[in-house]
Amino acid sequence: MKKILLLICLIFSCCCVCACNHGYTSVSEASKGLSTYKMNIEYLESSKTLNVLQNLTYVNNENTQIKELYFHLYPKSFNLDSESQVVGILNKAKAYYNGESEGDIEINSIQCSEETLAMTYVHNDQDILKIEFNDPIEPLDSVDLSFEYVVTLPNCNHRFGYGENTINVGNFYPILAVYDNGEYMIDSYHSNGDPFYSDVANYEVEINVPEKYVIAATGYEEEVQQNEGVKIVRYAAKAVRDFAFVLSEKFEVVSANIEGVDVKYYYYDDPNFESNLQTSIDSLVTFNELFGEYPYSTLSVVKANFVHGGMEYPNLVYISDEVNNLEDYANVIIHEIAHQWWYGLVGNNEYQNSWLDEGLAEFSTVLFYEKNPSYNIDTGEIIKNITKSYTTFVDLYSSVLGEVDTSMNRKLNEYNTEPEYVYITYVKGNLLFNTLRTTIGQDKLIKALKLYFRDNMFKIATPEDLIFAVEKVCGMDMQEFFNSWILGKVKILENI
Ligand SMILES: [Zn+2]
């Protein structure tokens, strides 16, 4: 029998503060005054390309004049000669199973309702587009920008690329970089983690595909037209952080309307489709109760050829068809659906503070299993196992490198290796929240998460916002607790 001892630096006593389920913002309320992306997308099967017309109405919701805008062009990082790597060396052969293949975005024209000074590409990879205006955009003023571009999908089992079963279209369009504390966040793609950071916006998207394809997409279907072998589906999504879709001619779909949400499971070759739909439903119901209500009308869980376990987008998650075990597959569904709360609704800079959404999504799966004993998962065992694997990681890295950096506030490109990123972000992140629970108690932790969700939904949250919610519920200073974990000072031990 093994006994686990987590050494933490402080013991707290607590008092309580109400964090009831009131004051939530609705989607229609949140969508007012946001920037709006309108896209007309045509998928050309023979060339595996997308012809896109995109009109963006940018609304300056900052408290300052805006003189320039930056856009991420993530497909540029799928160029063969790109400096930024989209997949780690260990997974490259698995992702590019047919050998090297290039993805790209080629912008043919940009028109603007205002006079512009210059349009330039930034970085050697030209993965950032910068637009400067002659006259600054005043707060609450707007500007219209029309793009015409061609996206080339690589043959690659990734967020963006086509494989044997699905065509994954994530992070494919020019998306506004976030203006954060006086500067634009223009970090390039990185193979560690999810290298994305965006504000919520409204989307109106028309997708034109050969009619044999089934489409899974962010948002809800407004209209479907079918004509002479072509299918055109119009989607709307309000107050979401991104837009993604997946195409497949193999998709079958099962769905259920649960608590006002159309939960759909898109799958192929899956004898367990009923069970996987049920896990999706159970995740929605459980997280609604634990954290606060999911306010959108659709949630699509999509089986896809994908190099990692899963990927989250607003209203839509990928689940990799390489996850064969039913229990592991369910675990990925739960984790990715938890991201609808932690990433989708409560946004954060995933490049800088990846533990904030990944650690919380991992810990949310622990909470899920405790709420759903029918899944027969012993969460004590999970914590025991991840503690052991974390301490083994630290011991191993320390013995090889002399010391190991266990700080959690690093950018994705500041982690030395992919395993280091995984252990610090997912495993240590999960242990942070579990230790916080041991310290303040389950009730206060859930109240704090509800408060954190309510106060930050549709916004960008920082670690300070999380600490604020915990402190408000506990009525005490929690900075030292979080600092000890985030700065890498806490010693996590396993006693056998
Ligand atoms: Zn995740």
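Values in this document were obtained by computation on a predicted structure and should not be read as measured data.

So, about the overall build of the protein chain. Secondary structure summary: the protein chain contains 10 helices and 24 strands in total. Expected size for 496 residues packed as a compact globule is a radius of gyration near 23 Å; at 22 Å, the protein chain falls within 12% of this value. When the backbone C-alpha atoms are referred to their principal axes, the protein chain occupies close to 65 × 55 × 50 Å. The buried share of the protein chain, taken over its 496 residues, is 46%. Sequence separation of 24 or more characterises 69% of the internal contacts of the protein chain that already satisfy a separation of 6 or more.

This next bit is on unusual backbone geometry. Even without glycine at this site, N181 takes up a positive phi of about 50 degrees. Phi at Y343 takes a positive value of approximately 140 degrees, unusual for a residue other than glycine. On the secondary structure map, Y343 appears in the loop between helix 4 (326-338) and helix 5 (354-371). For Y343, a count of 25 C-beta atoms within 10 Å gives the class buried.

Here we take up the nonpolar core. F245, V246, V302, V317, I319 and Y452 are the most contacted members of the largest nonpolar core, which totals 142 residues. In terms of residue count, the dominant contributor to this core is helix 7 (residues 418-440) (10 residues).

Look at helix 8 (residues 442-456): 21 Å from first C-alpha to last across 15 residues, which is about the 21 Å you get at 1.5 Å a residue. Listing the buried residues of helix 8 in full gives K444, L445, K447, A448, L449, K450, L451, Y452, F453 and N456. Those residues of helix 8 that are buried are in contact with helix 3 (273-291), helix 7 and helix 9 (463-474). The positive-phi residue at the C-terminal boundary of helix 8 is F458, with phi of around 70 degrees.

Strands sit in the order 19-20-21-23-22 across an open sheet of five strands; the sheet is mixed. Two strands lie at the open edges of the sheet, namely strand 19 (252-258) and strand 22 (310-313), each paired on one side alone. The average undirected angle you get between the axes of adjacent strands in this sheet is 15 degrees. Running over the sheet, helix 3 touches strand 19, strand 20 (261-267) and strand 21 (298-304) and is turned about 145 degrees from strand 20. Sheet strands touched by helix 4: strand 21, strand 22 and strand 23 (316-320). Its angle to strand 23, the strand with the most contacts, is close to 155 degrees.

Our next topic: the domain arrangement of the protein chain. How large an interface is tends to be reported as the accessible area lost when its parts come together. We note that the domain assignment places domain 1 (31-249), domain 2 (252-340) and domain 3 (361-495) within the protein chain. Contact residues are listed per partner, giving 10 residues for domain 1 and eight residues for domain 3. Looking at the side of domain 1 that touches domain 3, its residues break down into four nonpolar, five polar and one charged.

Okay, helix 10 (residues 479-486) next. The periodicity of an α-helix, 3.6 residues per turn, causes residues three or four places apart in sequence to face the same way. Among the residues of helix 10, F481, W485 and I486 are the ones counted as buried. Buried residues along helix 10 cover an arc of 120 degrees about the axis, so they all sit on one side. Turned more than 90 degrees off the buried face of helix 10, the exposed positions are Q479 and E480. Among the structural elements, helix 7 and helix 9 are those in contact with the buried residues of helix 10. G488 lies just past helix 10 and shows a positive phi near 85 degrees.

Attention now goes to the packing of helix 3 against helix 4. Taken N-terminus to C-terminus, the directions of helix 3 and helix 4 make an angle of 35 degrees; their axes are 9 Å apart at the nearest point. Crossing of helix 3 over helix 4 shows right-handed handedness. Two secondary-structure elements touch here, helix 3 through S275, N276, T279, S280, S283, L284 and F287 and helix 4 through L326, Y329, A330, I333, I334, I337 and A338. A per-class count over the contact of helix 3 with helix 4 returns nine nonpolar, five polar and no charged.

A word on the pairing of strand 4 (residues 66-72). With six bridges connecting them, strand 4 and strand 7 (residues 128-137) associate as antiparallel partners. In the strand pairing of strand 7, Y70 is matched with K130. Relative to strand 11 (residues 175-176), strand 4 runs antiparallel, the two sharing two bridges. For F71, the partnering residue across the bridge sits in strand 11 and is L176.

This brings us to the confidence of the model for the protein chain. Averaged over every residue, the pLDDT of the protein chain is 93; residues scoring 70 or more account for 95%. A low-confidence stretch, residues 1-21 (pLDDT under 50), is modelled with 46 contacts involving residues beyond four sequence positions or located in other chains.

A few words now on the sheet that holds strand 11. In space, the four strands of this open sheet follow the order 6-7-4-11, with antiparallel pairing throughout. Lying at the two open borders of the sheet, with one neighbouring strand each, are strand 6 (116-122) and strand 11. Pairing between strand 6 and strand 7: six bridges, direction antiparallel. Across the sheet, the residue bridging to T120 is K130, located in strand 7.

Position of Y265 relative to the elements: it lies in strand 20. Looking at Y265, the number of C-beta atoms within 10 Å reads 28, which means it is buried. Taking the C-alpha atoms as reference, Y265 lies 20 Å from E211; in sequence the two are 54 residues apart. In this view, Y265 contacts V253, V254, F273, N276, L277, S280 and V301; residues no more than four positions away in its chain are not counted.

With that out of the way, let us pick up the environment of L432. Secondary-structure assignment places L432 in helix 7. The contact partners of L432, leaving out residues within four places of it in the chain, are G359 and W485.

Our focus in this paragraph is the packing of helix 4 against helix 5. Packing of helix 4 against helix 5 brings their axes to within 8 Å, and their N-to-C directions diverge by 120 degrees. For the element pair helix 4 / helix 5, the angle class is oblique. Crossing of helix 4 over helix 5 shows right-handed handedness. Contacts between helix 4 and helix 5 involve N331, I334, H335 and A338 from the former and A361, E362, S364, T365 and F368 from the latter.

Basis of the calculations
- Residues numbered from 1 in each chain as written.
- Predicted model: local features only at pLDDT ≥ 70, side-chain atom pairs only at ≥ 80, totals over all residues.
- Helix = DSSP H or I, 4+ residues; strand = E, 2+ residues; numbered from the N terminus.
- Rg over C-alpha atoms; globule rule 2.2 N^0.38 Å.
- Buried ≥ 20, exposed ≤ 12 C-beta atoms within 10 Å, placed from the backbone.
- Contact = placed C-beta atoms within 7 Å.
- Core = buried A, V, L, I, M, F, W, Y, C linked by C-beta atoms within 7 Å.
- Expected span 1.5 Å × (residues − 1).
- Pairing = 2+ DSSP bridges.
- Axes fitted to C-alpha atoms, helices over the stretch in contact; angles between N-to-C directions.
- Domains from an automatic or database assignment.
- Nonpolar A, V, L, I, M, F, W, Y, C, P; charged D, E, K, R; others polar.
- Arc of directions from axis to C-beta.
- Left-handed = near helix turned anticlockwise from the far one by under 90°.
- pLDDT = per-residue confidence, 0-100.
- Parallel < 35°, antiparallel > 145°, perpendicular 65-115°, else oblique.

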